[in-house]
Amino acid sequence: MDALGEVLRAVKMTGGVFLDTHFTAPWCVSARFTSDQCRPFLTDAVQIIAYHYVVSGRMLAAVEGESPFEVRAGETVVLSRNDPHLLGSALDMRPVGTEHLIQPGERGGLARIVHGGGGEPTRLICGFLGSDEQRNPLIATLPRMLKVDMVTAGSSDWIEASLNFALKGLQEGQVGSPAVMSRLSELIFVEAVRSYAASLVPEQKGWLAGMRDPAVGRALALMHAGVNLHWTAEQLAREVALSRSTFSDRFAGLVGMPPMRYLTAWRMQLAKEQLRSGHRSIAQVGYEIGYQAEEAFTRAFKREFGMPPAAWRKAKQLLG
């Protein structure tokens, strides 16, 4: 099984492609995706991941506080937390905000940017993914900006063929083309994360290191997809065809904590988000993350955060 694909489905990430850009040197733009730009693909996303796939040409990319790097044709730059960023043939010139350059697409096609000084051309396809989870563990594991060579990963040919197919469909008004673009966005991100995971050193620990292991990745996907189910280490071990001791040791060695500790920590993060943003009762919040009894949920929450959920919610409300 593809553990990464399972985890991505479990953490509920959806996406789309919305911008076809054509730049000519010299050029420099400042960019950050907004919720309005991501509609109608995303409605309830609380986190957005941006990416730029270089179809042809080259560019420099940078986020504040980090060194820029060059991105060439067949490579993708991923902004894991949608930070404001600069793109350009050079970054030592005054940038233009992309919001001032976007033009509506022709005949229902993608929105476009055509900008620059008439020199060396660069074409990008820009897309995004959104998550409805405030504390998405995958996003927390990734660097703020990463570059992935789709050519080395063997993905550039099918990406380009899929882009051309979807763009042609949009221009011809085919109903299914937006869905194709959305799926393409998800696949590009999967390829980017898979390539990044493969580049990690063997001694790397954490969620992404666990994800790339077939058994641990499968267990992570199961826990995220069924956070309200009554998992035990024995049940998870059976699901991934390992003995309990082998599974627990491998999980802890890669992720950095035992499987049941990880599940509890993740449940508590979800509980905090529901308590902060929703109007469900304490019992309802507990039930949705796997606690049949309100008392059991309250005890677990207090162990994790030092106060019961009702007091925590009240404190957060007072702070605004």
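The following paragraphs examine the structure supplied in this document. Keep in mind that this is a model prediction, so the values were computed, not measured.

Topic: the overall build of the protein chain
Phase 1 of the analysis: Along the backbone of the protein chain there are 13 helices and 11 strands.
Phase 2 of the analysis: Counting across all 320 residues of the protein chain, residues that qualify as buried make up 49%.

Some thoughts on the pattern of salt bridges
Phase 1 of the analysis: Evaluated as defined, the whole model comprises 11 salt bridges.
Phase 2 of the analysis: As a salt-bridge pair, E75 and K147 come within 3.9 Å of each other at their nearest N and O atoms. Pair noted here: E75 is in strand β6 (residues 75-79) and K147 is in strand β11 (residues 145-149), with a separation of 72 residues, a long-range link.
Phase 3 of the analysis: Linking R144 and D83 is a salt bridge whose minimum nitrogen-to-oxygen distance equals 2.9 Å.

Remarks on the sheet that holds strand β10 (residues 121-131)
Hydrogen bonds between backbone atoms are what pair the strands of a sheet, whose relative direction is either parallel or antiparallel.
Phase 1 of the analysis: Ordered by their spatial adjacency, six strands build an open sheet running β9-β1-β10-β3-β6-β11, and the pairing between neighbours is mixed. Bordering the open sheet on either side are β9 (111-116) and β11, each of which pairs with just one other strand. The average angle at which neighbouring strand axes cross in this sheet is 20 degrees, direction not considered.
Phase 2 of the analysis: Summarising the sheet, strand β3 (residues 47-56) and β10 pair through nine bridges and their orientation is antiparallel. By the bridge assignment for β10, Y51 is matched with G127.

A look at the packing of helix α7 (residues 214-225) against helix α10 (residues 259-277)
Phase 1 of the analysis: Two elements in contact, α7 and α10, have axes separated by 11 Å at closest approach and are oriented at 35 degrees. Here α7 and α10 pass one another in a crossing that is right-handed. Residues L220, M223 and H224 of α7 form the contact with α10, whose participating residues are P259, Y262, L263 and W266.
Phase 2 of the analysis: The residue makeup of the contact of α7 with α10, split by class, is six nonpolar, one polar and no charged.

Section: the nonpolar core
Generally speaking, soluble globular proteins have nonpolar side chains that are buried together.
Phase 1 of the analysis: In this structure, L138, F189, L208, M223, F251, Y262 and F297 are the most contacted members of the largest nonpolar core, which totals 59 residues.
Phase 2 of the analysis: Setting aside residues no more than four positions away along its own chain, Y262 makes contact with P137, W207, L220, M223, H224, F251, V255 and M257.
Phase 3 of the analysis: Counting 24 residues, the second-largest nonpolar core is a separate cluster that includes A61, L79, L87 and M145.

Things to note about α7
Phase 1 of the analysis: With 12 residues, α7 should cover 16 Å at 1.5 Å per step; its first-to-last C-alpha distance of 16 Å lies within 8% of that length.
Phase 2 of the analysis: Those residues of α7 that sit buried are A215, V216, G217, R218, A219, L220, A221, L222, M223 and H224.
Phase 3 of the analysis: At the N-terminal end of α7, a side-chain oxygen is found 3.1 Å from the backbone nitrogen of A215, two or three residues along, and the residue is D213.

Looking at the sheet that holds strand β4 (residues 58-63)
Phase 1 of the analysis: Sheet architecture is open: five strands sit in the order β5-β4-β7-β2-β8, paired in mixed fashion. Both edges of this open sheet fall to β5 (69-72) and β8 (96-97), since each of them pairs with a single strand only.
Phase 2 of the analysis: Relative to strand β7 (residues 85-88), strand β2 (residues 28-31) runs antiparallel, the two sharing four bridges. Along β7, the bridge assignment pairs V29 with L87.

A word on the environment of T98
Phase 1 of the analysis: Here T98 shows up in the loop between β8 and β9.
Phase 2 of the analysis: Sequence separation of T98 and H115 is 17 residues, and the distance between their C-alpha atoms is 9.8 Å.
Phase 3 of the analysis: Aside from chain neighbours lying at most four places away, what touches T98 is V29, S30, A31 and I113.

Structural notes on the pairing of β10
Walk down a regular strand and you will see the side chains alternate between the two sheet faces.
Phase 1 of the analysis: Among the 11 residues of β10, 10 are classified as buried, and the element is accordingly described as predominantly covered.
Phase 2 of the analysis: Two strands pair when backbone bridges link them, and strand β1 (residues 13-24) and β10 are joined in this way by 11 bridges, in the antiparallel orientation. The residue bridging D20 from the neighbouring strand is I125, located in β10.

A closer look at the packing of aromatic side chains
Phase 1 of the analysis: One pass over the structure, following the stated rule, counts eight aromatic pairs.
Phase 2 of the analysis: For the ring pair F251 and Y262, a centre distance of 5.9 Å and an interplane angle of 65 degrees mean the geometry is edge-to-face. Of this pair, F251 sits in helix α9 (residues 244-255) while Y262 sits in helix α10, placing them 11 residues apart in sequence. For the pair F251 and Y262, one class covers both residues: buried.

Concerning the environment of M181
Phase 1 of the analysis: Along the polypeptide, M181 turns up in helix α5 (residues 177-198).
Phase 2 of the analysis: Here M181 falls in the buried class, since its relative accessible area comes to 1%.
Phase 3 of the analysis: A C-alpha to C-alpha distance of 7.6 Å links M181 and L163, two positions 18 residues apart in sequence.

Quick word on the side chain of N82
Phase 1 of the analysis: Checked against the element boundaries, N82 lands in the loop between β6 and β7.
Phase 2 of the analysis: The class for N82 is buried, based on a relative accessible area of 4%.
Phase 3 of the analysis: Sequence-distant contacts of N82, that is, excluding residues within four places in its chain, are made with R32, F33, I48 and A50.

About the cut-offs
- Residues numbered from 1 in each chain as written.
- Predicted model: local features only at pLDDT ≥ 70, side-chain atom pairs only at ≥ 80, totals over all residues.
- Heavy atoms only, no water.
- Helix = DSSP H or I, 4+ residues; strand = E, 2+ residues; numbered from the N terminus.
- Buried < 20%, exposed > 50% of the residue type's maximum accessible area, 1.4 Å probe, protein only.
- Salt bridge = Lys/Arg side-chain N within 4 Å of Asp/Glu carboxyl O.
- Pairing = 2+ DSSP bridges.
- Axes fitted to C-alpha atoms, helices over the stretch in contact; angles between N-to-C directions.
- Left-handed = near helix turned anticlockwise from the far one by under 90°.
- Contact = heavy atoms within 4.5 Å.
- Nonpolar A, V, L, I, M, F, W, Y, C, P; charged D, E, K, R; others polar.
- Core = buried A, V, L, I, M, F, W, Y, C linked by side-chain atoms within 4.5 Å.
- Expected span 1.5 Å × (residues − 1).
- Polar contact = N/O pair within 3.5 Å; in protein donor to acceptor, adjacent residues only side chain to side chain.
- Phe/Tyr/Trp six-rings, centres within 6.5 Å; stacked < 30°, edge-to-face > 60°.

All quantities given are derived from atomic positions and should not be read as evidence of function.
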